Structures are given as structure tokens and as C-alpha cells.
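Results of the structural survey
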Amino acid sequence: MRSRKIEEAIFRGIMIAATLVVLSCSILILATILIKGLPAMNLDMITKTPKGGYYLGKSGGILNAIVGSILLTGGATLVSIFLSLPVALYANVYADKSSKLIAFTRVSLDVLWGVPSIVYGAFGFTIMLFLGLKASLLGGIIAVALLIFPIMSRGMDEVMRMVPKELLNSSYALGATRFETALKVVVRQALPGILSAVLIAFGRGIGDAASVIFTAGFSDRINFSLFEPAATLPLAIFFQLGTPFPEVQERAYASALILTIIVFLISIGSRILIRRYSKHVIK
Amino acid sequence: MESTSHITVQNLNVYYGDNHALKDITINIPDKQITAIIGPSGCGKTTLLRAFNRLIDTVDGVRITGKVLVDGEDIFDPRADVTMVRKKMGLLSQRPYPLPMSIFDNVAYGPKIHGIRKKKVLEEIVEHHLKMASLWEEVRDRLHEPASRLSIGQQQRLCLARGLAVEPEFILADEPTSALDPKSSLYIENRFRELRSQFSIILVTHILRQARRLADYIVFLYLGELIEHGPVNEIFENPREERTREYIRGVIS
Amino acid sequence: MKSRRLFKDNLARSIMWFSAIFCILLVILIGFALFQRSRYILAMKSLADLFFLDSWHPLKGEFGFFPFIMGTLWVTCTAVIISVPLSFLTAIYLSEYAPRMIREWAKPAIDLLAGIPSVIYGVWGILVIVPLTKNYIAPFFGRHSSGYTVFAAGVVLAVMIFPVIIHVSIEVFRSVSFELREASWALGATKWQTIKHVVVRKALPGIIAANVLGFSRAFGETMAVLMVAGNVPKAPSSILDPAYPLPALIANNYGEMLSIPLYDSALLMAALVLFIVVLFFSILSRFALVRVERSSE
Ligand SMILES: Nc1ncnc2c1ncn2[C@@H]1O[C@H](COP(=O)(O)OP(=O)(O)OP(=O)(O)O)[C@@H](O)[C@H]1O
Ligand SMILES: [Mg+2]
């Protein structure tokens, strides 16, 4: 009897220790980024583009990378939505439950989910060569869209699978087509989940460097053209860290802080949106 | 009473995979009356009801032979427009499933889909049908709240209003009171009595007393076969078949 | 009116059908494109040479992937060995033992951590783990090291995949029904015995899937690893050696090396290798899950 209790106590202790390790690592990361990033933070960082000699320590900021990242990831997210929504709707509204096609599609999405972002970078670059594109905003959008569309599709598929079949039937019974049911009932019922899938994918996209390293290039100017190279935040961090100048490296920490804040804002924003759009959901 | 029929079933067979769920059903459903489909659990009542509006199509691996004529046209004809078939039938299911939108939009959903765009007209339609389902008084001030906030009984009446708003000829109801409390059930039953003059109502029920109270015509199914059908008094007072008698007396269930 | 609605419905069906097909085609297309581009080197060198030769001198035409494959294995294994037990124990604690307050905070916090970009983990690695390795851990073992090592990369990756594994594991533990636990308690089992014999056993397939997810994140991670692994093209022989994993190799060199066709082809072959490993693991875990689901029906 007592040995049972002792065993439980020991394991409980180990579990608490493990949790503390995990917890402290996480806190340590945030603390490090905050402590290192805050001193180098200033308004110039987020309002100016790099001036001549920026990477040698002269003045300027990373507005080019902030804007570039948002444009690039925004574009990629938009493209992914137009790919993911039809996939998820087809799987859950049109296809039979036992459809072989959908089984294959789901396996494919699993595979695509796991494909490393560097492979998407290399594959995207191959496509660009094929199309005669050079490193550009468009190239980056293609690569990041490839990276995040499986994340988004799987998220959407998962929430749409939870929509009760009877709800679809209620709509069919009123004479609605599958398409009308998909757009007006399934999308609305799954809206919170769809939004969160979109935002998670956006977060993944904005933080990824390996997929844009060859495809988007880098530019010190802000540009809105699809065919010009665009700067991105993760690469800006990477390049600044790579310089031998401490002032520039410190700006890398500040840039890391900016990226972290953006990602956190998205995460918090998604929570608020989800709560807001859950109003009509039928339990 | 007239004996013309707008729903005629001819040699209908339904198979779920290997399961022969409806066996060679042939029947005329009388107009402007309440027809109750009764029978023990699993005998195919829901299946028959769902054949009428072709919701059965949405089941995986289902196979159907035979004909269901609605207004003289075979609804299983490949050329038939399934949305138009369904528009003729309002459905009330066992548990209410309001759509994920406001009370107003729930009722307006059907008319909107079928092409009515004018706000004024939609408002009239919503008010009219909520009144028909006797829900108007309770929700007139909260039309734009989510439908999920209504009580179950209210939700069921909302589903009734939603079904009526597409101006169907038939109302199909699958044990519409089984999830409701006695008071809400009574509400629905009273609605049905009033609607009987305008619609042909087909009601699946487990409650024999409800069938007796409400129905004009009874269809008795047993293990996928149509055993007996006829006016309510005939079936309850003087059934021809032994199995009907036993079911009504509660020997088989 | 009627036909327009049906037309729209049919059009939508075709478009959606095509996007479902697109997912399948994309997998094939990626595999095919990478294979096409690596054919050049595959024609020039034997697979055995590519995989087992230890010399990487692209300018001299020597393309031995062995150091990079070993680098990937060392780093990924270190990460998995650190992360799997810690995540497992944390997930059990958070889902079974933790007070409600902590539980309610843990979930959003974990989601938040899962969203942190890998570059940030890399920065943290450079700022904390690399100096720690250089100044304390390596000297402790009597070694001299720059700090950019398998160990540093492994730790960074482990921390990076904590939230991935924990998040999924907690969901899996939650999906084990309360009745099952009650049944065990009713037989007089303690909480720990119930967890050990009932909950964990029931949740095992899901836990395996969670760890496969974590593994594939770690395996393909590029930036965080590139920043802390040291990138020396030599197979590591201990965790205090530097390593040069495959993704880092591609990221560092691809794009600039188009002028040397064989080099370009070699890097795309590295991408093909990554792709095939992921393909293999995804399909394997899918089948494992399907079989487990069937047998538990
Ligand atoms: N989706 C389905 N897939 C396979 N078999 C089904 C399906 N739905 C019903 N069945 C089978 O068809 C037969 C008739 O079912 P149905 O639902 O019509 O019965 P019911 O009379 O409505 O029963 P209850 O009174 O319990 O609702 C049953 O044997 C049932 O198991
Ligand atoms: Mg039924």
C-alpha cells in the first residue's frame, strides 16, 4: 500500500520538475528577447528604412522588412485561403465520407504539412526558374503559400468535420444546393475555427525564413511591386546578426522583439476574433 | 374527403449497403391530412420520410429502386431538380437544428435562397411565418439575436417557421416532439392541427396516443415492410393484420 | 433562376474537386521536380558514393553527403531525446494533475509558444545556449568548443518542439473518456496506476502521432539550426562537435551555386532526400494510426 503512494509521489515530483523545465525554458526565451531587444528598440526601427551604411552601424530601421513581411505573408495567406477553403469544403460537403479521393487528399496534406520549409524554398525557386521569375515578392508569395496552405487546409478540415451532418440536412431540406449550404451554413458554423486556421498559418508564414531566402530576395527599399525583391523580418534578423558589428547585432535583437510582438498580437487578435464570431455557432 | 394524392410511392426499395431497409413499398399519401407513420424502432420510418425529400441521397452507399411521384413527377428521375423537390417539403427533425445565424436569418434563409431579395418582403415573410409557428410574440424584440440562444422548444418552432417560409406543400416531421417537454409538445401538436387545412403533413411518431390524437391516416411499417395503412379509426379500432393489432396493444414494440 | 443555381453548384463542385486533386498532384509534382533536378548528379555518381563518402569538395567535384546526413541525425536525435520525455511528463502533469488554474493558463500559453518563429529560437540559442555550452558545458567535459555544436542545436530544437508535442498530447489525453478512468478508480486503482495502465495505454497511438509531428518539425528545421550548429562539413562524433545538417547546407549555398550545375543538382538532391524522409514518415504514421483506430473499434 505504501509503496504505491511512494511511487506516485516520486513520479509526481518528476512530472512537476519536467513542467518547470519546460516552463522556464519558455520564460527564458521571452525574457532573453525582451532584455536584449528593448535597449536597442527605438522609433526609427519601425519607421525608417535602412540608410546607406545601416549594416555598418549607421542610422535607419527595418520598416522595409516589416512592410515586406506583411505584404508577402498577407499575399500568401490570401492565396492559401482560396486553395484551402475549397479543399476543406469539398472534403466535408461534397465528397462521400468513404471517398478514396478524399482519403488520398488527407494523406497528401499530411505529407505537405511535414515538408520542411527549406524544401518549399528550393521547390519554389525551381518553379520560378521555370517561369522565368527572379527573386521577388511574387516568388516569396508562391513559396510561403505552399508552406502554409497545408497548415490552413488541415485546420479547416478539422473544424468542418465537427459540423453536425444534421445541420447540413436542415439546409438541404429547405432546397439549398450544396454550394449554398457550404458557404452559408458550413462556413458560418465553422467560422471561428476557420479564422484560427488562417491566423495560425499567417503566423507560421511571417516567421519563416527558409522558404523566402532564395525566393523573395531582400531589398532595402519598400516596394509594392510583385516583381521586385522584398525584405522580410526573419531574414532581416538573420542578416543583421551575421554582421560583425555589435550595434547592428543589437538591432537584430530589437528586430526579433518586433517579430515576436507581431506574432503575439496575431495570436491574441485571433482569440478575440474567435470569441466574437462564435456568437452564432450551434452547439 | 377527396382521395387524390400528391405523393404516390410505387415499389420503393431502399438498401443501405446490404441492409434492405424498405421493401417494396407502394402507397398513396392522402392530401391535406395528417398521415402518421408508425412502427417499431428501426422499421424504416425515418428512411421512408427521407425518401420523400431525397435527403436519403446524402447517405453513403445508399441504393434506391422504384418511384416516388410528387405532383405526378418521379423525384428520383435523374433529370429532376432535387432542390425543387425539397422546396416542396418542409422538414422538422427529431432535434431542432437551427442554422448558425440570427433568428431572422434562419427564417429568411430559404426565401433568400429561392430568390427573394427585397428586405421589406423578407421582413413580411419572417413575421408571417413566425406567427404561423406561434413564435412571433416571444421573439419579436430579439430577431437579430443568435438562434442558438432560444430554448429547445422555441428552436423547434423556429425550425417549423423556417420550413414554412419556403411555402412547401408538405410538412415532413420526424418525431418532432421527442426532444421537447410536454408543454412545448402540445404547442407543436396544436400548430399541426391548424396547419392541416393548408398542408399535407406526414408525421413519424413513436407515441401511439399522439398518432391517435392527431392523425387522420395511419401507415404501419414493420421490419421495412408496409403492413397496413388506412384511416385512423380503422387501424386503431379494427386492424386487419395480426401484427398491427399486436403493435397497437403493445405486444411488439 | 433554377438552372443558374444548379450551374453554380456544379461549377463549385468542379473547382473544389480540382483543388482536392491539386493537393495530391502537388506532392507528386514536388517529388518529380526535385527528382528531375537531381538527376544530373544521380547520373554522375553512384548512390553509395553520395551517401557514404565523407568528402565534400564541390569545386573538386566531390559530393559526399555523409557528414550532412550524420549532422541531421545527430541534431534531430538529440532534440528528440531531450524533448520526448520532458514533453510527455509535462503533458501528463498538465492534463491530469495540475490545478485548474494552471491548466486554464497552460493551453493558451502553449499555443502562444507554438507560434514563436524559429528565427527567434535561433537568436535565443546564440544568446544563451551557445555561450553556456562554450563556457560551462564543454569545459566541464574537458573540451574546448566554440559553443556552436550538436548539443546547442539539439537544445534549441527541443525547446522549439515542446509546444508542438505538448499541445497535441494534451488533446489526446483529454480525449480519453472520463468513464474509463472512473472504471479504473472503481477497481481501487490509484490515480497514478490509472494513468499508467489505462490512460497512457489508451492514448499511446495519439502520443506517438504527437511525437512524429514534433520529429518532423525538428528534422526539417533550417534557420534555428543553421544559426547554432556550427556548420562544419564533418560528421560529428560527439554532441560537443559542430554539425552541418542538410537543411542548413541547402540554405547556405543554394541559389548562389547555379553556375556549377553539379553543385546545384547536389543541393536539390539534398532537398529530395528531406522530402522522401518526410513522405515516408507521414505515410507510416498515417497507417499506424489507421490500424490502431481499426483495432480499437
Ligand atoms: N445511414 C444509415 N446507414 C446504414 N443503415 C442505416 C442508416 N440509417 C438507417 N439505417 C438502417 O435502416 C433501418 C431503418 O432505419 P430508420 O432510421 O429508417 O428506422 P426508424 O424506423 O426511423 O427507427 P427509429 O424509430 O429508431 O428512429 C435500420 O435497420 C437502420 O439500422
Ligand atoms: Mg427514426
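Please read all numbers here as calculations on a predicted model, not as lab measurements. (Residues numbered from 1 in each chain as written. Chains lettered and ligands numbered in written order. Predicted model: local features only at pLDDT ≥ 70, side-chain atom pairs only at ≥ 80, totals over all residues. Heavy atoms only, no water.)

Scanning chain C from terminus to terminus reveals 11 helices and 2 strands. Helices and strands appear in chain C in the N-to-C order α-α-β-β-α-α-α-α-α-α-α-α-α. Here the C-alpha coordinates of chain C stretch approximately 75 × 70 × 35 Å along the principal axes. Sequence-distant contacts in chain C: of pairs separated by 6 or more residues, those separated by 24 or more amount to 71%. When the accessible surface of chain C is summed, it comes to about 13,800 Å², and 68% of that surface belongs to carbon and sulfur atoms. Here chain C contributes 25 positive and 16 negative side-chain charges, whose respective centroids are spaced 6 Å apart. (Helix = DSSP H or I, 4+ residues; strand = E, 2+ residues; numbered from the N terminus. Contact = heavy atoms within 4.5 Å. Areas by Shrake-Rupley, 256 points an atom, 1.4 Å probe, with all protein chains shown as cover. Lys, Arg positive; Asp, Glu negative; His and termini not counted. Charge placed at Lys NZ, Arg CZ, Asp CG, Glu CD.)

Turning our attention to the packing of aromatic side chains. Applying the stated criterion across every chain yields a total of 22 aromatic pairs over all chains. Between the aromatic rings of C:F215 and C:F281, the centroid separation amounts to 4.8 Å while the plane-to-plane angle is 45°, which identifies the pairing as tilted. Highlighted residues: C:F215 in helix α8 (residues 191–220) and C:F281 in helix α11 (residues 261–295), separated in sequence by 66 residues. One aromatic cluster in this structure is built from C:W56, C:F63, C:F65, C:F68, C:Y244 and C:Y263. The cationic tip of B:R63 hangs over the ring face of B:Y15; the distance from NZ or CZ to the ring centre is 4.3 Å. It is C:K191 that lies over the ring of C:Y97; its NZ or CZ is 5.1 Å from the centre. (Phe/Tyr/Trp six-rings, centres within 6.5 Å; stacked < 30°, edge-to-face > 60°. Lys NZ or Arg CZ within 6 Å of the ring centre and 35° of its normal.)

Before going further, it helps to examine the pattern of salt bridges. Scanning all chains against the criterion turns up 28 salt bridges over all chains. The salt bridge involving B:K119 is made with B:E123; its shortest N-O contact spans 3.6 Å. A residue pair is termed a helical-turn pair when its members lie 3 or 4 positions apart in one helix, as B:K119 and B:E123 do in helix α4 (residues 119–132) at 4 residues. In this structure, B:R196 engages B:D216 in a salt bridge whose closest nitrogen and oxygen atoms are separated by 2.8 Å. Here the residue B:R196 occupies a position in the loop between α7 (182–195) and β8 (200–204), and B:D216 occupies one in the loop between α8 (208–214) and β9 (217–222), the gap between them amounting to 20 residues. Connected through shared salt-bridge partners, A:R106, A:D157 and A:R161 make up one network. (Salt bridge = Lys/Arg side-chain N within 4 Å of Asp/Glu carboxyl O.)

Residue and element names in this part refer to chain B. In the vicinity of ligand 1 there are 13 residues, among which S41, G42, K45, T46 and T47 approach most closely. One of the side-chain nitrogen or oxygen atoms of S41 is found 2.5 Å away from an oxygen atom of ligand 1. Taking H206, its side chain carries an N or O atom lying 3.3 Å from an oxygen atom of ligand 1. A total of 630 Å² of accessible area belongs to ligand 1 in isolation, and the protein chains cover 63% of it. Its residues assigned to classes, the shell around ligand 1 shows 4 nonpolar, 7 polar and 2 charged. (Near = heavy atom within 4 Å. Polar contact = N/O pair within 3.5 Å; in protein donor to acceptor, adjacent residues only side chain to side chain. Nonpolar A, V, L, I, M, F, W, Y, C, P; charged D, E, K, R; others polar.)

It is worth spelling out the pairing of strand β7 (residues 170–174) of chain B at this point. Looking down a regular strand, the side chains alternate between one sheet face and the other. Residues and elements named next belong to chain B. With respect to burial, β7 is a largely interior element, 5 of its 5 residues being buried. Neither face of β7 is exposed, since F170, L172 and D174 on one face and I171 and A173 on the opposite face are all buried. Here strand β6 (residues 89–92) runs beside β7; their pairing, made up of 4 bridges, is parallel. Across the sheet, residue L91 finds its bridge partner in β7, namely L172. With 5 bridges connecting them, β7 and β8 associate as parallel partners. Bridge assignment links L172 to a residue of β8, and that residue is I202. Crossover connection from β7 via α7 to parallel β8: handedness right-handed. (Buried < 20%, exposed > 50% of the residue type's maximum accessible area, 1.4 Å probe, protein only. Pairing = 2+ DSSP bridges. Right-handed = clockwise from strand over helix to strand, strands pointing away.)

Attention shifts here to the packing of helix α3 (residues 66–97) of chain C against α8(C). Residue and element names in this part refer to chain C. Their axes nearest at 9 Å, the elements α3 and α8 cross at an angle of 145°. When the axes of α3 and α8 are compared, the crossing they make is right-handed. Residues T72, T76, V80, V84, F88, I92, E96 and Y97 of α3 form the contact with α8, whose own contacting residues are K191, W192, I195, V199, V200, I207, N211, F215, A218 and F219. Across the contact of α3 with α8, the residue classes tally to 13 nonpolar, 3 polar and 2 charged. (Axes fitted to C-alpha atoms, helices over the stretch in contact; angles between N-to-C directions. Left-handed = near helix turned anticlockwise from the far one by under 90°.)

All names here are of chain A. Each domain of chain A was delimited in the assignment, giving domain 1 (2–40) and domain 2 (46–278). Regarding the contact of domain 1 and domain 2, the summed buried area is about 580 Å², with carbon and sulfur atoms giving 86% of it. Area buried by domain 1 at its contact with domain 2 is led by I33, K36 and A40, which between them contribute 60% of it. Where domain 1 packs against domain 2, one counts 0 residue pairs in polar contact (both at pLDDT 80 or more). When its residues are assigned to classes, the side of domain 1 that touches domain 2 shows 5 nonpolar, 1 polar and 1 charged. (Domains from an automatic or database assignment. Buried area = accessible area lost by both parts, 1.4 Å probe.)

Let's shift gears to the interface of chain A and chain B. Taken residue by residue, the interface counts 28 residues in chain A and 28 residues in chain B. The junction of chain A with chain B conceals about 2,400 Å² of combined surface from both sides, 60% of it contributed by carbon and sulfur atoms. On the chain A side of the contact with chain B, A:A173, A:L174 and A:H280 bury the most area, a combined 27% of that side's loss. Our count for the contact surface shared by chain A and chain B stands at 1 salt bridge. With a closest N to O distance of 3.4 Å, A:E166 and B:R50 form a salt bridge. There are 9 residue pairs in polar contact (both at pLDDT 80 or more) connecting chain A and chain B. Class assignment of the residues belonging to the side of chain A that touches chain B gives a composition of 9 nonpolar, 9 polar and 10 charged.

Turning next to a positive patch on the surface. A contiguous patch of positive charge, built from A:K184, B:R117, C:R4 and C:K8, is present on the exposed surface. Along the chain, B:R117 turns up in the loop between α3 (103–113) and α4. With relative accessibility at 63%, the residue B:R117 sits in the exposed group. (Patch = residues over 30% accessible without salt bridge, like charges linked within 9 Å, V, L, I, M, F, W, Y side chains within 5 Å.)

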